[in-house]
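Overview (structure and organization)
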Amino acid sequence: MEEIAFLRDERGEIYPTIENFYKFCGMGKLMAVRCSRCGRLILPPRPMCPECYSTDLGWVQLSGRGRLETYSEVYVPPKNFASKSPYVIGIVRLVEGVALPGQIVVDRGEKAEVGMELSVDFESAPAEGWPQWPRYFFRPVDRK
Ligand SMILES: [Zn+2]
């Protein structure tokens, strides 16, 4: 696996930024940060806890498992996603309690359903076009 250069602070800790979140995705890891003061899980990661304003945060790996909370089927996508149309975008409630928006990849002819069990998967950054970041997405658990 290629070396991934994280943005780090002066103590060598990996900064809780969305950019580093996507670098972890490139390693096949779905990561959040947890506030060391109040324990809140923050996803997507931010440099400050929205609950107690602490900046003492540490990375934790998530299971990547959850349930579909709500979704929308996209038939008229932005230009960069035209080749994927139609596709499903949803909010996934992870078993850790936090919610994350993402693409839900279902087989052709298959329908997304609220409550369906999902698992995260990853795709490397596209060679061209936008965005130039590794991607995460969700698939139904039993069809992986
Ligand atoms: Zn906090």
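The following paragraphs examine the structure supplied in this document. (Residues numbered from 1 in each chain as written. Predicted model: local features only at pLDDT ≥ 70, side-chain atom pairs only at ≥ 80, totals over all residues. Heavy atoms only, no water.)

1. Topic: the nonpolar core
With 32 residues, the main nonpolar core has F21, L43, L94, Y136 and F138 as its most contacted residues. Listed by contribution, the elements that provide at least two residues to this core are α1 (18-26), β1 (31-35), β2 (41-42), β3 (57-61), β5 (87-94), β6 (99-104), β7 (117-123) and β8 (135-140). The contact partners of F21, leaving out residues within four places of it in the chain, are L30, M31, L43, P45, W59 and Y136. (Core = buried A, V, L, I, M, F, W, Y, C linked by side-chain atoms within 4.5 Å. Buried < 20%, exposed > 50% of the residue type's maximum accessible area, 1.4 Å probe, protein only. Helix = DSSP H or I, 4+ residues; strand = E, 2+ residues; numbered from the N terminus. Contact = heavy atoms within 4.5 Å.)

2. Section: the pairing of β8
In terms of burial, β8 is a largely internal element, five of the six residues being buried. Two elements, β7 and β8, share six bridges in a ladder whose sense is antiparallel. Bridging across to β8, L118 finds its partner in P140. (Pairing = 2+ DSSP bridges.)

3. Let's talk about the pattern of salt bridges
Within the structure shown, the criterion is met by nine salt bridges. Between E117 and R67 there is a salt bridge whose closest N-O contact spans 3.8 Å. Taken together, the residues E117 in strand β7 and R67 in strand β4 (residues 65-74) connect sequence positions 50 residues apart. Taking the relative accessible area as the measure of exposure, E117 reaches 38% and is therefore partly exposed. Judged by relative accessible area, R67 falls into the partly exposed class, the value being 45%. A salt bridge links E123 to R135; the shortest N-O distance between them is 2.8 Å. With a gap of 12 residues between them, E123 in strand β7 and R135 in strand β8 connect regions that are remote in the sequence. The class of E123 is partly exposed, set by a relative accessible area of 33%. (Salt bridge = Lys/Arg side-chain N within 4 Å of Asp/Glu carboxyl O.)

4. Side note on the side chain of Q103
If you trace the backbone, Q103 turns up in strand β6. At a separation of 3.2 Å, a polar atom in the side chain of Q103 contacts the side chain of R135. When near neighbours in sequence (up to four residues on either side) are disregarded, Q103 contacts K84, Y87, V88, I89, R135, F137 and F138. (Polar contact = N/O pair within 3.5 Å; in protein donor to acceptor, adjacent residues only side chain to side chain.)

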